[in-house]
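Working through the structure, step by step
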Amino acid sequence: MTKQDFLEKLKTDLEIDSHLSLDTEFKQIEEWDSLTVLMLLAFIENNFHINLKAKDIEVLTDFNSLIKVIGEEKFN
Amino acid sequence: MGSKIIGIEYVFPQNRISNETLALEFPDYDFAQFESKVGIKNRYVVNEKQTGLDLAVQACEKLFERFEKSTIDYILYCTQSPEYFLPTTACILQDRLKLNKMTAAFDYNLGCSGYTYGLSLANAIIKSGQAVNVLLVTAETYSKFIHPKDRTNRAIFGDAATATLITRSADNEIGEFIFGTDGSGYDKLIVKNGAARNNKDPEAVDFIYGSDNTTSDNNLFMNGPEVFNFTVNLIPNLTKQILEKNGITVENIDQYIFHQANAFMLNFMRKQLQVERKYFFIDLLDGGNTVSSTIPIALKKYSLAISNSQQTIMLVGFGVGLSWCGGVIKLKHKL
């Protein structure tokens with residue numbers, strides 16, 4: 001999937017109403033909380049088969065940094 | 001010969017705790033966001049002198065306004081909030097309801113997987129000729145275990161009891177069930193002290209966990225993230241197994257009724273399963289997560305909302321244990 005598809009799918013599956021771009025910082029997202037992080041982990045596991053932990057997300061700031069952790073090569 | 005559910009009743013205790021009430025105690029927390037996300041507005045809790053059995057008696061009496069209680073010959077009582085270590089709460093229920101003394105009665109200790117276990121067991125008891133009318137009761141008062149400063153658990157869990165009547169029938173409406181257990185996760189949702197392993201400790205220290213919640217080993221502890229992970233990883237494969245065991249496909253399911261743990265999580269699972277909103281029951285706004293009572297409450301509500309055409313419904317319970325159980329039932333009438 002493209003990075004844009006990734007953001008769109010995230011918005012739907014995590015029910016985020018605010019606009020997301022690659023450099024949106026997590027803390028700027030109104031709906032962002034511990035539950036969102038759990039959904040995000042499950043989302044990444046389901047879509048990329050990568051098993052991240054909540055503490056892996058804590059050190060990240062925005063979607064660019066998240067995509068680096070997932071692996072740039074997974075996106076086209 | 002098979003069995004079918006002919007009636008369900010449920011009761012909440014009288015004390016309603018709204019999000020506004022909780023916000024007075026936890027002014028720093030955004031309960032409006034909690035309501036829209038987790039999907040809970042009110043939960044009900046017993047008062048100090050009231051127990052799960054008191055709620056169970058009310059639920060059963062409500063059921064007996066419509067059905068003859070003298071025909072009951074088996075009681076299955078699901079609880080983690082028994083009256084005593086011993087005797088069995090189901091025995092006391094038999095007496096409180098003045099049921100026939102030729103009634104079998106026992107308790108079983110399960111949480112969120114308890115109702116589906118109970119249905120499967122009731123069906124097996126009836127099919128094997130051991131009983132004709134099984135009274136399946138779920139009754140839980142987690143509020144007695146929850147630390148007053150444990151914001152998350154106080155917001156999520158509510159007390160309730162339900163009574164379901166399952167009877168012998170030529171219609172085989174209770175289908176096949178799948179079970180599972182992973183006891184390595186026993187401490188993900190636990191009340192550590194007060195039973196045989198650890199005595200209740202009057203000096204147990206409070207500790208902070210999760211999103212700034214307080215509990216102690218005398219109280220309920222839930223590792224929310226781990227329970228969540230367990231659930232979302234379990235569900236896709238489990239639903240597939242349930243369909244296979246019943247020899248049906250997704251197209252045959254008119255409604256999915258899962259344990260109502262948390263609206264956001266249920267919605268997430270719904271999307272992973274690619275099920276449309278209208279086929280997936282989510283309603284815990286009034287009552288919250290009532291443990292083993294969420295599925296019968298949901299089933300009752302759903303049955304009242306449908307016309308009388310035959311429905312095929314998948315029921316799935318999962319949680320404390322860790323334990324899970326799901327299956328398929330048919331429904332032709334309001335419960």
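Treat the numbers as computed from the prediction; the structure is a model and nothing was measured. (Residues numbered from 1 in each chain as written. Chains lettered and ligands numbered in written order. Predicted model: local features only at pLDDT ≥ 70, side-chain atom pairs only at ≥ 80, totals over all residues. Heavy atoms only, no water.)

**Concerning the nonpolar core**
What counts, and what does not: To form a nonpolar core, buried Ala, Val, Leu, Ile, Met, Phe, Trp, Tyr and Cys residues must be joined to one another through side-chain atoms within 4.5 Å. Think of it in three bands: residues with accessible area under 20% of the maximum for their type are buried, residues over 50% are exposed, and the middle band is partly exposed, with areas taken using a 1.4 Å probe on protein chains only. Here a helix means four or more residues in a row that DSSP labels H or I, a strand means two or more in a row labelled E, and each is numbered from the N terminus. The contact criterion used is simple: two residues touch if any of their non-hydrogen atoms lie within 4.5 Å.
In this structure, Phe6, Ile44, Ile57 and Leu66 of chain A together with Phe258 and Phe318 of chain B are the most contacted members of the largest nonpolar core, which totals 78 residues. The leading source of residues in this core is helix H2 (residues 34-48) of chain A, at ten residues. Once residues within four sequence positions are removed from consideration, isoleucine 44 of chain A is found in contact with His49, Ile50, Leu52, Leu66 and Ile70 of chain A.

**Notes on the sheet that holds strand S1 (residues 2-11) of chain B**
All names here are of chain B. What counts here: If DSSP finds at least two bridges between two strands, the strands pair. Lines fitted to C-alpha atoms define the axes here, with helix axes fitted over just the stretch in contact, and angles between the N-to-C directions of these axes take values from 0 to 180 degrees.
Ordered in space as S1-S7-S6-S4-S5, the five strands form an open sheet in which the pairing is mixed. Two strands close off the open sheet at either side, each with one partner strand: S1 and strand S5 (104-108). Direction aside, neighbouring strands of the sheet carry axes that sit 15 degrees apart on average. By the bridge criterion, five bridges tie strand S4 (residues 74-78) to S5 in an arrangement that is parallel. Looking at S5, one finds that tyrosine 77 is bridged to aspartate 107. Each of S4, S5 and strand S6 (133-140) touches helix H4 (residues 89-96); the most contacted strand, S4, lies at about 125 degrees to it. Here helix H5 (residues 114-127) sits on the sheet and contacts S1, S4, S5, S6 and strand S7 (160-169); the angle it forms with S1, its principal contact strand, is near 140 degrees.

**Details of the sheet that holds strand S15 (residues 323-331) of chain B**
Pairing between the strands of a sheet comes from backbone hydrogen bonds, and it takes one of two forms, parallel or antiparallel. Residue and element names in this part refer to chain B. The strand order across the open sheet built from four strands is S8-S15-S14-S13, with neighbouring strands paired in mixed fashion. The strands lining the two open edges of the sheet, one partner per strand, are strand S8 (174-181) and strand S13 (255-258). Each strand axis lies, on average, 15 degrees off the axis of its neighbour in the sheet, ignoring direction. Both S8 and S15 contribute to a ladder of six bridges, which runs antiparallel.

**So, helix H8 (residues 263-273) of chain B**
So the rule is basically this: By the criterion applied in these results, polar contacts are pairs of N or O atoms within 3.5 Å in which, for protein atoms, one can donate a hydrogen and the other can accept it, and in which residues neighboring in sequence qualify only through two side-chain atoms.
Here H8 of chain B lies mainly inside the structure; ten of its eleven residues are buried. Within H8 of chain B the residues assigned to the buried category are Ala263, Phe264, Met265, Leu266, Asn267, Phe268, Met269, Arg270, Lys271 and Leu273 of chain B. Buried-residue contacts for H8 of chain B involve helix H1 (3-13) and H2 of chain A together with helix H2 (31-38), helix H7 (224-245), S13 and strand S14 (311-319) of chain B. Residue asparagine 262 of chain B occupies the N-cap position of H8 of chain B, its side-chain oxygen lying 3.0 Å from the main-chain nitrogen of phenylalanine 264 of chain B.

**Here's the deal with the interface of chain A and chain B**
Condition: When two components associate, each loses some accessible surface as probed by a 1.4 Å sphere; the sum of these losses over both components is called the buried area. Salt bridges are counted wherever a side-chain nitrogen of Lys or Arg sits within 4 Å of a carboxyl oxygen of Asp or Glu.
In this complex, chain A contributes 16 residues to the contact, which on the side of chain B involves 17 residues. Buried area between chain A and chain B, both sides added, is near 1400 Å², and the carbon and sulfur share of it is 56%. On inspection of chain A and its partner chain B, the count reaches three salt bridges. One salt bridge in this structure joins glutamate 15 of chain A and lysine 271 of chain B, with 3.3 Å as the shortest N-O distance. Viewed at the interface, chain B and chain A are joined by seven residue pairs in polar contact (both at pLDDT 80 or more). Residue assignment for the side of chain A that touches chain B shows that the elements contributing at least two residues are H1 and H2 of chain A.

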